[in-house]
Protein chains: 4
Amino acid sequence: MRILITGFEAFNGSRINPSAKIVEQFHEEQFLNHIIHKVILPVDNNTAGQVVTKKMEELKPEIVLLLGEASLRPVISLEKVAINWMDYRIADNSGNQIADQKIDEKAPDAYFSSLPIHKIYHQILESKIPVEISLSAGAFLCNQVFFTSLHYLKKKNSSTICGFIHVPPLPEQVVEKNITSPSMSLELSLEAIVIALRTCIHTLESTSSNH
Amino acid sequence: MRILITGFEAFNGSRINPSAKIVEQFHEEQFLNHIIHKVILPVDNNTAGQVVTKKMEELKPEIVLLLGEASLRPVISLEKVAINWMDYRIADNSGNQIADQKIDEKAPDAYFSSLPIHKIYHQILESKIPVEISLSAGAFLCNQVFFTSLHYLKKKNSSTICGFIHVPPLPEQVVEKNITSPSMSLELSLEAIVIALRTCIHTLESTSSNH
Amino acid sequence: MRILITGFEAFNGSRINPSAKIVEQFHEEQFLNHIIHKVILPVDNNTAGQVVTKKMEELKPEIVLLLGEASLRPVISLEKVAINWMDYRIADNSGNQIADQKIDEKAPDAYFSSLPIHKIYHQILESKIPVEISLSAGAFLCNQVFFTSLHYLKKKNSSTICGFIHVPPLPEQVVEKNITSPSMSLELSLEAIVIALRTCIHTLESTSSNH
Amino acid sequence: MRILITGFEAFNGSRINPSAKIVEQFHEEQFLNHIIHKVILPVDNNTAGQVVTKKMEELKPEIVLLLGEASLRPVISLEKVAINWMDYRIADNSGNQIADQKIDEKAPDAYFSSLPIHKIYHQILESKIPVEISLSAGAFLCNQVFFTSLHYLKKKNSSTICGFIHVPPLPEQVVEKNITSPSMSLELSLEAIVIALRTCIHTLESTSSNH
């Protein structure tokens, strides 16, 4: 199988983004005998969605796993829903701050993740890693890339599964910002993402072997 | 030097206590050429204070580092003050639930930690570990053991330095309780405690070498 | 115009529900020369949606304003999106606890509120009442009634506007539950709801006068 | 009896301080046949303590009730303990930002409130107002005025009772700061303070009638 995994570059004054750090850890472009393609997305309203859909066009991956940072959440967040809406609380890295606007005027209001998030949830819990199913990926670039990807796949009538997972900040980011807020170690977040990916692969393999 | 480091047994339905796990990690009874004595304290109104003061009596340590778990705090908490008050929100492991009562009717209202907590704070920050100076150790057994120890040392006119550090729950505890709340890995909490201990030793060494 | 306003009965061990209290305050069945119909909905998976759609069938209201309680939120929450999903953390008042299930297998994944929530947001802010646009109405009965109503109106191709607003608990509920958590006075929540309703009416009136 | 009640002027960019608003509500200088003196204190490291001790010197009040704003707390906070320490996270209104310093080098580490805070707690709860006993008044000017007052009374060997109560921000302040955080209406906070004062008076009256 071909797997596309994406993270975001740093934003909002931070020098690091845990989602990019996690993506970097997949240094061999191979995972359980499958090929992993990695992309670090720009935090930019105009280009982020294009970069990911162009990659999907090019690679035709069976699995698309999008990662991002959720700055105040204490646990791994498996996102349930992507919404057709932008309402940025802060500007993106190019200075754009979009308010109350649809991502695509002709698209539906929202799409559910097509990853097996309930299975992933239970697999991560079994490994003793704090995790939740989240009902909002926000209205910034994480949600935008999530929605754009699902809408692209829908239009293509694709069977590719695609979803978004938010990870907490790294401990060093909490120190950098000098706030008293939750964090998660890179090791633990990475372990959760590996479990998520493995669960996606197993689900697709067992589905195809049923035919 | 002789160092006494204490943690607590598990309580409130949890099967583990990160403070006990940290204490266990000091498996060799030696640390930077100093001797470490370890005690796991009971979560019991009647005995916890006695166990720690008896150990101090017996060992005459130069440093007393008391550890405990703070169930909802996201960062390492260096406690500034121990208060002469008990007001338990939950029962201890023996079923005692004390309300609005002094620990010692004849003792002062409070004592400040005698550890160099500002130095410790900056040392831990430099290692990129999330940390705060906390102004309340609660009114349960953590505070009680902290106050009892400082009062004992004061009465003895001792030069021993003594303080309390709260650590966040471990990730597996958050999973065990099935809540969305902060945690910190054992590795990171342990690293913070090692830094705290090293800073205490260096402070005492540089103080004594000045004489 | 005909206006349907709904609240929920008490649930989860509380004896009161602020949404029902607010609905009760509209004691005259008249509001700015418009007719208000009030319904208190059961916290019941099987009947809540039916009660509200039957009322819409019967009354043909131009505005449907659904209210509910959000137990830990400190401000008025204008809900942006209703999702086609149930995942109850607690049982409803009839003991049903639905996990990971669609509300309607044949319906879309989600609908946006059709109330002018950005206008409402700014009107409430101008009155100095704490308010936010919320991106999740949860996966319990509030969301279910919200989704069911929007789906019903969509199928009818109706021009009725419909949305959901969550209000914080009342101060007396925080006392009842003996927790340290946010609340809002009935007066302030009611004022926000009156502003929301007035904004809906004005929006429909100015829209129709444009034709 | 003579009662001194104090609040603080606005600080940290806010145009209002709920503690000053509450003090202003006691417009008649009379309360249950007792005389109320009101002072609004400056948020200034150098003068705040002096203003309050000078007033105590001048008035010889039997009751001193100090009020302040706690910016993120959702309930009325009856402060248990004042500590001999300053560690400002923000500068005061004169630009002073004190770090890690005792208020008075020769004073004890801390004093407990001498108000009957457990009685007050239960009286406020009975009136269905959210309230807690707080174990930290911070390390800014609220705590400083609290500590300075208790230390002054101790040195005078005075029988005056004195304590500090923190109130949540007003709803309009949350709007002003554009954050999603808790607030309490002026009416409710004021009611809690009236109950606190009445409980103090009754306690002193019943104590003196016992002699």
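Note that the coordinates shown come from a computational prediction; the quantities given were computed from them, not determined experimentally. (Residues numbered from 1 in each chain as written. Chains lettered and ligands numbered in written order. Predicted model: local features only at pLDDT ≥ 70, side-chain atom pairs only at ≥ 80, totals over all residues. Heavy atoms only, no water.)

**Concerning the interface of chain B and chain D**
Between chain B and chain D, the residue contacts involve 18 residues of the former and 18 residues of the latter. Between chain B and chain D the total buried area reaches about 1500 Å² when both faces are included, carbon and sulfur atoms providing 70% of it. When residues of chain B are sorted by the area they lose upon contact with chain D, Trp-85, Phe-112 and Leu-135 of chain B head the list and together hold 38% of the total. For the pair chain B and chain D, the number of links is zero salt bridges. Linking chain B to chain D there are four residue pairs in polar contact (both at pLDDT 80 or more). Those elements that provide at least two residues to the side of chain B that touches chain D are strand E6 (81-83) and strand E7 (110-112) of chain B. Sort the elements by how many residues they give to the side of chain B that touches chain D and E7 of chain B lands first, with three residues. The class makeup of the residues in the side of chain B that touches chain D is nine nonpolar, four polar and five charged. (Contact = heavy atoms within 4.5 Å. Buried area = accessible area lost by both parts, 1.4 Å probe. Salt bridge = Lys/Arg side-chain N within 4 Å of Asp/Glu carboxyl O. Polar contact = N/O pair within 3.5 Å; in protein donor to acceptor, adjacent residues only side chain to side chain. Helix = DSSP H or I, 4+ residues; strand = E, 2+ residues; numbered from the N terminus. Nonpolar A, V, L, I, M, F, W, Y, C, P; charged D, E, K, R; others polar.)

**Quick look at the packing of aromatic side chains**
Counting across every chain of the model gives 20 aromatic pairs over all chains. Between the aromatic rings of Tyr-111 of chain B and Phe-147 of chain B, the centroid separation amounts to 5.4 Å while the plane-to-plane angle is 35°, which identifies the pairing as tilted. Taken together, the positions of Tyr-111 of chain B in strand E7 and Phe-147 of chain B in helix H4 (residues 141-155) put the pair 36 residues apart, joining distant regions of the chain. Phe-147 of chain B matches Tyr-111 of chain B in its accessibility class, with the two residues each being buried. Between Tyr-88 of chain C and Phe-140 of chain C, the ring centres sit 4.8 Å apart and the planes meet at 80°, which makes this aromatic pair edge-to-face. You can see Tyr-88 of chain C sitting in the loop between strand E6 (81-83) and strand E7 (110-112) and its partner Phe-140 of chain C sitting in the loop between strand E8 (131-134) and helix H4 (141-155), a full 52 residues away along the chain. Here Tyr-88 of chain C falls in the buried class, since its relative accessible area comes to 5%. An aromatic cluster is defined as three or more aromatic residues linked by ring pairs; in this entry it consists of Phe-11, Tyr-88 and Phe-140 of chain A. (Phe/Tyr/Trp six-rings, centres within 6.5 Å; stacked < 30°, edge-to-face > 60°. Buried < 20%, exposed > 50% of the residue type's maximum accessible area, 1.4 Å probe, protein only.)

**Considerations on the sheet that holds strand E9 (residues 161-167) of chain A**
Residues and elements named next belong to chain A. On the basis of which strands lie adjacent, the open sheet formed by seven strands has the order E2-E3-E1-E4-E9-E5-E8 and mixed pairing. The open sheet terminates on both sides in strands that have one partner only, identified here as strand E2 (30-31) and strand E8 (131-134). The pairing of strand E1 (residues 2-8) with strand E3 (residues 34-41) spans seven bridges and is parallel. Directly across from Ile-3, in E3, lies its bridge partner Ile-36. Running over the sheet, helix H1 (residues 18-25) touches E1, E3, strand E4 (63-69) and E9 and is turned about 145° from E1. (Pairing = 2+ DSSP bridges. Axes fitted to C-alpha atoms, helices over the stretch in contact; angles between N-to-C directions.)

**Comments concerning the interface of chain A and chain C**
Taken together, the contact pairs 18 residues of chain A with 18 residues of chain C. In this assembly, chain A packs against chain C so that about 1500 Å² is buried in total across both faces, 71% of it on carbon and sulfur atoms. When residues of chain A are sorted by the area they lose upon contact with chain C, Trp-85, Phe-112 and Leu-135 of chain A head the list and together hold 38% of the total. Here chain A and chain C share four residue pairs in polar contact (both at pLDDT 80 or more) between them. Taken together, the elements giving at least two residues each to the side of chain A that touches chain C come down to strand E6 (81-83) and strand E7 (110-112) of chain A. Considering each element in turn, the side of chain A that touches chain C owes the most residues, three residues, to E7 of chain A. Here the side of chain A that touches chain C is composed, by residue class, of nine nonpolar, four polar and five charged.

**Description of the pairing of E9 of chain A**
All names here are of chain A. Most of E9 sits out of view: seven of its seven residues are buried. Residues Ile-161, Gly-163, Ile-165 and Val-167 point to one face of E9 and Cys-162, Phe-164 and His-166 to the other, with burial holding for every one of them. Across seven bridges, E4 lies against E9 in parallel orientation. Of the residues in E9, the one forming a bridge with Gly-68 is His-166. Where strand E5 (residues 76-79) meets E9, two bridges bridge the pair, whose relative direction is antiparallel. Pairing of Ser-77 across the sheet is with His-166, part of E9.

**Notes on the packing of helix H3 (residues 117-126) of chain B against helix H6 (residues 186-209) of chain B**
Residues and elements named next belong to chain B. Where H3 meets H6, the closest approach of the two axes is 9 Å, and the angle between their N-to-C directions is 135°. Between H3 and H6, the angle is such that the two are oblique. Considering the relative orientation of H3 and H6, their crossing is right-handed. Contacts between H3 and H6 involve Lys-119, Ile-120, Gln-123 and Ile-124 from the first element and Ala-192, Ile-195, Ala-196, Thr-199, Cys-200 and Thr-203 from the second. Its residues assigned to classes, the contact of H3 with H6 comprises six nonpolar, three polar and one charged. (Parallel < 35°, antiparallel > 145°, perpendicular 65-115°, else oblique. Left-handed = near helix turned anticlockwise from the far one by under 90°.)

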